[in-house]
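What follows is each chain in one-letter form.
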Amino acid sequence: PRSDCVVAEQLCLSDSTCNATYRTLENCVLAKTRLLPLNHDSRVRCLNAELDLGNSSLLHCKCHRRMKRQEHCLRVFWTVHSSMTDGYFNLETSPYENPANEEHWKTDYNKLAALVTGKNQLAGDATNPCLKATHVCNLSKKCFRLRTDYASICTKGAGSEDVCDRRKCHRGLRNFFEKVPEDFTKRILFCPCQDEFCGERRRKTIVPDCSFQYNTKPNCLWLLDSCLEDHICKSRLADFQQNCQPADLSPDGCSLHNHAACLQAYMGMIGTPMTPNYVSNSSVEVSLWCTCESSGNQKEKCDQILSMFESNKCL
């Protein structure tokens, strides 16, 4: 079985050769993070260290979204795969292990899809499915507690000068989506709406005034840079890119043909610097809170980032 990266790191550090190679690679990543220029010899040394680790258990290790030492695990993963992010944002490989309950997700997704397209109307049109999903959450102590936690952190104070603590708000949202069973979280986030009141409640699920919107829209490239500097955000983005890769020629619009994994990856982006959300109370269209104006010669790359959410057939 594939080991998680924390276990793989311990195995490597107990072997003198692997230990030395891994320490070299750590220094390479540190230099890269601090934007320190590397001379030719150092670059060769870094490349060789990465190639040498090809035979160790570190190369194929993965992490789990709900594991205790998740950030540590992800740091190990990106140390080993540091060359993957050179000069381009396509991260290719997700550091996350595919969830074991994939089938359970798939079945639920099919029910969800039927509801969203209106093939299976909920009993009584007057019912607000988003309100209903919240009531169901309130019946679970854990769901109620963690939802109340992030709602209170993400809600701005009454004074006009009060500004929310976005970092804490994001952490509270990640806590909610990681620790509460998906049966509750996905119903709250993807509740199927037939009217605008319901749609507005769904849009406000993540308290967008704090978690999503800035006073002015930043450039999407700035958003991406913030994400790539953060191990969790970079990992969630890699997971999203792998599982929500659109394919024009595919009937379902997905290259991996797995909408369940894509929805789960989308949920993983919430609570990161690249938090997405619904754009209005009358549609299921989602977007990032950013713009591609004033992107200069990087406009194409910027549009690509935005289109991963705005016009992604798979999502």
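In this text the structure is predicted, and so the values were computed from the model without any measurement.

Each value, and the rule that gives it
- Residues numbered from 1 in each chain as written.
- Predicted model: local features only at pLDDT ≥ 70, side-chain atom pairs only at ≥ 80, totals over all residues.
- Heavy atoms only, no water.
- Helix = DSSP H or I, 4+ residues; strand = E, 2+ residues; numbered from the N terminus.
- Buried < 20%, exposed > 50% of the residue type's maximum accessible area, 1.4 Å probe, protein only.
- Contact = heavy atoms within 4.5 Å.
- Areas by Shrake-Rupley, 256 points an atom, 1.4 Å probe, with all protein chains shown as cover.
- Axes fitted to C-alpha atoms, helices over the stretch in contact; angles between N-to-C directions.
- Parallel < 35°, antiparallel > 145°, perpendicular 65-115°, else oblique.
- Left-handed = near helix turned anticlockwise from the far one by under 90°.
- Nonpolar A, V, L, I, M, F, W, Y, C, P; charged D, E, K, R; others polar.
- Phe/Tyr/Trp six-rings, centres within 6.5 Å; stacked < 30°, edge-to-face > 60°.
- Lys NZ or Arg CZ within 6 Å of the ring centre and 35° of its normal.
- Disulfide = S-S within 2.5 Å.
- Patch = residues over 30% accessible without salt bridge, like charges linked within 9 Å, V, L, I, M, F, W, Y side chains within 5 Å.
- Salt bridge = Lys/Arg side-chain N within 4 Å of Asp/Glu carboxyl O.
- Lys, Arg positive; Asp, Glu negative; His and termini not counted.
- Charge placed at Lys NZ, Arg CZ, Asp CG, Glu CD.
- Polar contact = N/O pair within 3.5 Å; in protein donor to acceptor, adjacent residues only side chain to side chain.

Novice: Could you give me a rundown of the overall build of the chain, with the residues and numbers involved?
Specialist: Scanning the chain for helices and strands turns up 15 helices and two strands. Every one of the 315 residues in the chain was classed for burial, and the buried ones make up 46%. Looking at the chain alone, contacts between residues at least 24 apart form 72% of all its contacts between residues at least 6 apart. Working note: accessible area of the chain is about 16,800 Å², and carbon and sulfur atoms make up 52% of it.

Novice: So what about the packing of helix 13 (residues 231-243) against helix 14 (residues 259-269)? Which residues, and what values?
Specialist: Describing two packed helices takes the angle between their axes plus the distance from one axis to the other. As a packed pair, helix 13 and helix 14 sit with axes 8 Å apart at the nearest point and diverge in direction by 155 degrees. One finds that helix 13 runs roughly antiparallel with respect to helix 14. As helix 13 runs across helix 14, the sense of the crossing is left-handed. In this structure, helix 13 contributes Arg236, Leu237, Asp239, Phe240 and Asn243 to the contact, and helix 14 contributes Ala261, Cys262, Ala265, Tyr266, Gly268 and Met269. Tallied by class, the residues present in the contact of helix 13 with helix 14 amount to seven nonpolar, two polar and two charged.

Novice: Tell me about the packing of aromatic side chains, and please be specific about residues and values.
Specialist: Centre distance and the angle of the planes are the two values used to describe a pair of aromatic rings. Counted by the stated rule, this structure contains seven aromatic pairs. Relative to Phe177, the ring of Phe176 has its centre 5.2 Å away and its plane inclined at 80 degrees; by these criteria the two rings are edge-to-face. Their ring planes at 85 degrees and their centres at 6.0 Å tell us that Tyr214 and Trp222 sit as a pair that is edge-to-face. The exposure class of Tyr214 is partly exposed, given its relative accessible area of 24%. Grouped by ring-pair contacts, the aromatic residues Tyr150, Phe176 and Phe177 constitute a single cluster. Taking the ring centre of Tyr96 as reference, the NZ or CZ of Arg65 above it sits at 4.8 Å. A cation over a ring is seen here: Arg166 above Tyr214, with NZ or CZ 3.9 Å from the ring centre.

Novice: Before we move on, can you summarise the state of the cysteines with the specific residues and values?
Specialist: Within this structure, the stated rule accounts for 14 disulfides. Covalent S-S linkage joins Cys193 and Cys198, the inter-sulfur distance amounting to 2.0 Å. Between Cys193 and Cys198 the disulfide shows an S-S torsion of about -65 degrees. By sign, it is left-handed. Of the two residues examined, Cys193 and Cys198, each falls in the buried class. Paired by a disulfide, Cys227 and Cys233 hold their sulfur atoms 2.1 Å apart. Linking Cys227 and Cys233, the disulfide has an S-S dihedral of approximately -105 degrees and is accordingly described as left-handed. Residue classification places Cys227 among the buried positions, given a relative accessible area of 0%. Judged by relative accessible area, Cys233 falls into the buried class, the value being 0%.

Novice: Tell me about a positive patch on the surface, and name the residues and values.
Specialist: Taken together, Arg66, Lys142, Arg145 and Lys179 make up a surface patch of like positive charges. As for its placement among the helices and strands, Arg145 is situated in helix 7 (residues 141-154).

Novice: I'd like a rundown of the side chain of Arg236, residues and numbers included.
Specialist: Examined against the element boundaries, Arg236 turns out to sit in helix 13. Only 3.0 Å separates the side chain of Arg236 from the side chain of Gln70, close enough to count as a polar contact. If we skip the residues at most four places from it in the chain, Arg236 touches Gln70, Tyr96, Arg174, Glu178, Gly268, Met269 and Thr272.

Novice: Quick rundown of unusual backbone geometry? Include the residues and the values.
Specialist: Of note, the phi angle at Val207 is positive, near 50 degrees, even though the residue is not glycine. Checked against the element boundaries, Val207 lands in the loop between helix 10 (196-203) and helix 11 (208-211). Positioned with a positive phi, Ser294 is a non-glycine residue whose angle comes to about 55 degrees. Within the secondary structure layout, Ser294 lies in the loop between strand 2 (286-288) and helix 15 (299-310). A relative accessible area of 78% means that Ser294 is categorised as exposed.

Novice: Before we move on, could you go through the pattern of salt bridges and cite the residues and values that matter?
Specialist: This structure, assessed with the given rule, holds nine salt bridges. A salt bridge links Glu26 to Arg75; the shortest N-O distance between them is 3.5 Å. Highlighted residues: Glu26 in helix 2 (residues 16-33) and Arg75 in helix 4 (residues 70-80), separated in sequence by 49 residues. Among the salt bridges present, the one from Glu200 reaches Lys204, with a minimum N-O distance of 3.5 Å. A relative accessible area of 22% means that Glu200 is categorised as partly exposed. Ionic contacts of the salt-bridge type, sharing partners, join the residues Arg23, Glu26 and Arg75 into one network.

Novice: Explain the environment of Asp165 residue by residue, including any values.
Specialist: Looking at the secondary structure, you find Asp165 in the loop between helix 7 and helix 8 (166-179). Judged by its relative accessible area of 38%, Asp165 falls in the partly exposed class. Distance in space between the C-alpha atoms of Asp165 and Ile153 is 7.4 Å, their sequence separation being 12 residues.

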